[in-house]
Amino acid sequence: MRQPLVAGNWKMNGDSHSIRSLLDGILSGLKTEAEVLVCSPSVYIQQVRDMLTGTPVKWGLQNVSGHLSGAFTGETSPLMASDMGCSYIIVGHSERRALFGETDDVVAAKFCAVVDQGLVPVLCVGESLAQRENNETMQVVASQIEKVLDTAGESRLDNFVIAYEPVWAIGTGKTATPEQAQEVHAMIRQLLAHSSASMAEKTRVLYGGSMNAGNAVELMKQADVDGGLIGGASLKANEFQAICRAAG
Ligand code: PGA
């Protein structure tokens, strides 16, 4: 049985004041069987850690370097994330791929660096609208995942999460239908099963892209949807809590 995971991706939003009230809101009366995670901007991670230590909510970052230390101005090391008590790191978000030039090779290197520091990567994959319209969805998603599986090797694939995020659904208010999501999630699980049946069975595949309190229940009902990666709706405590409840 896979425990659902609901992960908030705050992106580049918030300040110390709004983060305090958001976390207060999320923590008050949170009722869910799901694992709950928030991924904050790195500059606020200490504040987030201080507020979440001793609570059921975990914390993580939205991106880290593939390097551990050295002359990489402006970067955050996975070692630093680990030192700050992070559990999970988002890797290969489509905004990182599109706006910051992260290739499949870079994403795979970051995935490995994250695992090697004892952190759990949330690997984001997904097709653009043009790719979906050209019927390339399965091929695009498969090649994004295969690159990571090949680079990481069996020893690094014990504990990771995949987030299927169709690029056309991110921040657009256009959610994939539950059927569209399930179709891709099932394909992802099949792909994992080619490497290992137990990996396919235990690895959680989240849906991301305009998930909100209104559509979460139907999406989460799908057999291969094991939670959500939530952007906009994770900045509102009530909405995020409702998504957590929808997950279980
Ligand atoms: P959204 O973002 O929920 O605002 O669409 C999801 C994401 O980018 O992870």
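Shown above is the structure to which this text applies.
Fair warning: this is a prediction, and the values are worked out from it, not measured in the lab. Each chain has its residues counted from 1, following the order in which its sequence is written. Selection of residues for local features in this predicted model requires a pLDDT of at least 70, selection of side-chain atom pairs for listing and counting requires 80 or more, and totals for whole chains, interfaces and linings are taken over all residues. The side-chain quantities take in all heavy atoms of the structure and omit both hydrogens and water.

Another point: the overall build of the protein chain. Secondary structure summary: the protein chain contains 11 helices and 8 strands in total. Taking 18 Å as the expected radius of gyration for a compact globule of 248 residues, we find that the protein chain reaches 17 Å, a close match to that expectation. Overall, the C-alpha framework of the protein chain stretches about 45 × 45 × 35 Å when taken along its three principal axes. Only protein chains enter the accessibility calculation, which uses a 1.4 Å probe; a residue whose area is less than 20% of its type maximum is buried, one above 50% is exposed, and one in between is partly exposed. Put simply, the protein chain has 248 residues, and 52% of those count as buried. Working rule for contacts: check all heavy atoms of both residues, and any pair within 4.5 Å makes them a contact. Taking the contacts inside the protein chain whose residues are at least 6 apart along the sequence as the reference set, 70% of them involve residues at least 24 apart. Note on areas: Shrake-Rupley with a 1.4 Å probe; residue coverage comes only from the protein chains shown. Just so you have it, the protein chain exposes about 11000 Å², and 50% of that area is on carbon and sulfur atoms. Secondary structure follows DSSP: runs of H or I at least 4 residues long count as helices, runs of E at least 2 residues long count as strands, and numbering of each begins at the N terminus. We compute the radius of gyration over the C-alpha atoms and compare it with the globule rule, which gives 2.2 Å times the number of residues raised to the power 0.38.

This part is about the site of the ligand. Throughout, near means a residue has at least one heavy atom within 4 Å of the molecule or strand. Residues in contact with the ligand amount to 13 residues; listed here are only the nearest, Lys-11, His-93, Glu-165, Gly-171 and Ser-210. Under the rule applied, a polar contact is a pair of N or O atoms within 3.5 Å (in protein, one hydrogen donor and one hydrogen acceptor; residues adjacent in sequence only if both atoms are side-chain atoms). Interatomic distance of 3.5 Å between a side-chain N/O atom of Asn-9 and an oxygen atom of the ligand. At 2.8 Å from an oxygen atom of the ligand is found a main-chain nitrogen or oxygen belonging to Gly-232. Surface burial for the ligand is 95%, taken as the share of its 280 Å² of free accessible area covered by protein chains. Gly is put with the polar residues, along with every residue not named as nonpolar or charged; the nonpolar set is Ala, Val, Leu, Ile, Met, Phe, Trp, Tyr, Cys and Pro, and the charged set is Asp, Glu, Lys and Arg. Across the shell around the ligand, the residue classes break down as 4 nonpolar, 7 polar and 2 charged.

Everything listed here is a matter of coordinates, which is why it stays silent on function.
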